[in-house]
Amino acid sequence: MKVQTKTAAEPGSRLTTGADILVRAILREGTDMVFGYPGGAVLPIYDALYRKKVRHILARHEQGAIHAAEGYARVSGKPGVVIATSGPGATNVVTGLMDAIIDSLPLVVFTGQVATKVIGSDAFQEADVIGITAPATKHNFQVRDIRELPGVVREAFYVASTGRPGPVLVDLPKDICAAQTDKVHEEKEMNLPGYHFTVRPADEQVRKLAEAIERAVRPVLLTGAGVLHANASDLLRSFAEKHNLPVVSTLLGLGSFPASHPLFLGMGGMHGTYAANMAISESDLLINIGSRFDDRLTGNLEKFAMNALIAHIDIDPSEIGKNVPVDLPVIGDAAAVLKRLNEVTGNAADKGKWLRHLQSYRSQHPLHYENDRTNDGLAPQRVIEYVCRYTDSDTVITTDVGQHQMWTAQYYRFERPDNWVTSGGLGTMGFGFPAAIGAQVAKPQKPVVAIVGDGGFQMTLQELAVVKELDLPIKIVVLNNHTLGMVRQWQEAFYEKRYAESIPSFQPDFVKLAESYGIRGERVTTEEEADQVIADSIHDPHPVLIDCHVKQMANVFPMVAPGKGLNEMIGV
Amino acid sequence: MRQMKRTIQATISSHASVLGRVADILAKRHLAIHRLTVERLIENDKLSCLILETDVENLHQSEQLVRQFDKLIDVISVADVTEKKLRTNVGFY
């Protein structure tokens, strides 16, 4: 074993650098694309990337890079890979790590670190990245020996993409990547004695749930992102159809069950449909598959599904009973559990009366919005309906967080899995646009539409440079209401219309902004313009930004106010 | 608020930063550590035995703590051992 510390291996030398070992290890995992931003501590890695065939997407901010990697992971099912430098580079990815861990997205993030001998000395661009990111990652590693590199990379990809997916960070001191060695065992075995997860459910748990399904007369299925992570949409559909089970989706679960299916009741929760929320409230058996009973879904826990037996299927045992007491736990992968349930369940009780009852809720209380065209301009919900009308079911839709996100969840009809990319748990402004970049490079043939608000877009719009550079045909639909809409809505509802800092006095001209990046920009202010411009531009082979000036005071309804139960919706 | 004293025992990797990860889980739930020992295992120097004592609000919270500890990749095994007589050479019992 011979280890030297030089900046790069000399030509013809049998020595290899830590950075070269790293890049080979990344390629070995089947990844040929990384999102990143260079800097001092990762110079050896970028030097190795320069020599290897890895496609590098140069974001204009590390937050843009990691959100793009999240979008890539969500639509491709493969881990998104990020490289950021030490110190500020690493701290700039923390929001994305937190976003990915709460929404269970597989990422492998490599951060540069100062040289091992100066770690702990407050060196230039040093940050305690392991300490900072421990609560925001499924696991993190700091490599202290070049010989550990291949094994750590393999473990990082394995942990990120198995069990409940999540982000893994590998912190790489500069001297480790610059070091040279003539002997590294690159096929090193993984050593993760503390990492375990259950894919196949226990027979006893499945049997108890099957019995409950056969007995239930008012059952409802709640489908979450776990169904998507497990590629279990087809199994979910056959299960629901076999037993005539009505289906409610979480925000992140949209697309796991076709929106046009007669058994689909829509999204549940704070801005869910009346039928979905009443189905949960009145059910006698709630079967949660791969959702974590988030507070935006449950409303007041004291009033949540009060008459129901609660079944919870999840690959993460720590989710069972975390928020809602569970009568019928099933630990396992959603696909494995649904497959087993499809095998063992027999004839269930007749649900005709229950389904007719829910259908009456659906027809009596559909989603609706005010649209007085003579009065105050373009309804934002109308814009979403046009996007839905002019795109096919293979289109990827991304959003930030806020009103535009809820209107998209309500009015865009998701028919297929893995076409919906949104920031659910963390609610990250600035997520949607860079996520669209990641989705587009993962699926170059698919149409990709980023629906964003004027507030969130201004947090990461520097990534317009990437869109232009790569000529990505993303359509950016800005629902521009000149306000931080959801903040303003809550101030209207709960703070007596004191609009503190939610209506900025200035905003840029988004059309000119797009044009300054060499991107086509369009502005629409009426229904007619919105209809025409969206129809005309959605299939443009180049990027287009559509600045939609919509009603400032439009609110998202229906709504479950904070502290209320799902059966206490307003605005139905 | 009524508090329950619980004792949690875990086998952990003998790595830097493991204790921080364990402490993060308690800190996130605003739980203080009242007693703590970590000792490397005699039979395997890559592992250590961790025993900690904390006050929880109820058994549900204690169960959740154990599940959160178990999610840590550096935690090999973990259990609430309040009801058991600990056999350890660590020594606070």
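Residues numbered from 1 in each chain as written. Chains lettered and ligands numbered in written order. Predicted model: local features only at pLDDT ≥ 70, side-chain atom pairs only at ≥ 80, totals over all residues.

Secondary structure summary: chain B contains two helices and four strands in total. Secondary structure of chain B in N-to-C order comes out as β-α-β-β-α-β. Within the span of chain B, comprising 93 residues, buried residues form 26% of the whole. A sequence separation of at least 24 residues applies to 69% of the contacts in chain B between residues at least 6 apart. (Helix = DSSP H or I, 4+ residues; strand = E, 2+ residues; numbered from the N terminus. Buried ≥ 20, exposed ≤ 12 C-beta atoms within 10 Å, placed from the backbone. Contact = placed C-beta atoms within 7 Å.)

The next thing to look at is the domain arrangement of chain A. Residues and elements named next belong to chain A. Taken domain by domain, chain A comprises domain 1 (3-181), domain 2 (203-364) and domain 3 (380-549). For domain 1 and domain 3, the distance between their C-alpha centroids amounts to 30 Å. Taken together, the 24 residues of domain 1 in the interface contact 25 residues of domain 3. Of all the elements in the fold, those that place two or more residues in the side of domain 1 that touches domain 3 are β3 (33-36), β4 (55-58), α3 (62-76) and α5 (94-102). With 11 residues, the single largest contributor to the side of domain 1 that touches domain 3 is α3. Its residues placed into classes, the side of domain 1 that touches domain 3 shows 11 nonpolar, eight polar and five charged. (Domains from an automatic or database assignment. Nonpolar A, V, L, I, M, F, W, Y, C, P; charged D, E, K, R; others polar.)

Okay, the sheet that holds strand β4 (residues 75-80) of chain B next. Residues and elements named next belong to chain B. Strand order in the open sheet formed by four strands is β2-β3-β1-β4, with antiparallel pairing between adjacent strands. Of all strands in the sheet, those bounded by a partner on one side alone are β2 (33-40) and β4. Mean inter-strand twist for the sheet, computed between neighbouring axes without regard to direction, equals 15°. Pairing analysis gives seven bridges linking β2 to strand β3 (residues 47-56), with the strands arranged antiparallel. (Pairing = 2+ DSSP bridges. Axes fitted to C-alpha atoms, helices over the stretch in contact; angles between N-to-C directions.)

Okay, the sheet that holds strand β21 (residues 544-549) of chain A next. Strand pairing within a sheet occurs via backbone hydrogen bonds; the two strands may be parallel or antiparallel. Residue and element names in this part refer to chain A. The parallel open sheet is built from six strands, whose spatial order is β17-β16-β18-β19-β21-β20. One side of each edge strand has no neighbouring strand; the edge strands of this open sheet are β17 (420-421) and β20 (520-524). Relative to strand β18 (residues 448-453), helix α17 (residues 403-411) is tilted by about 135°, and along the sheet it contacts β16 (396-399), β18 and β19 (475-480). The strands that helix α18 (residues 432-442) touches are β16, β17, β18 and β19; relative to β18, the one it contacts most, it runs at about 175°.

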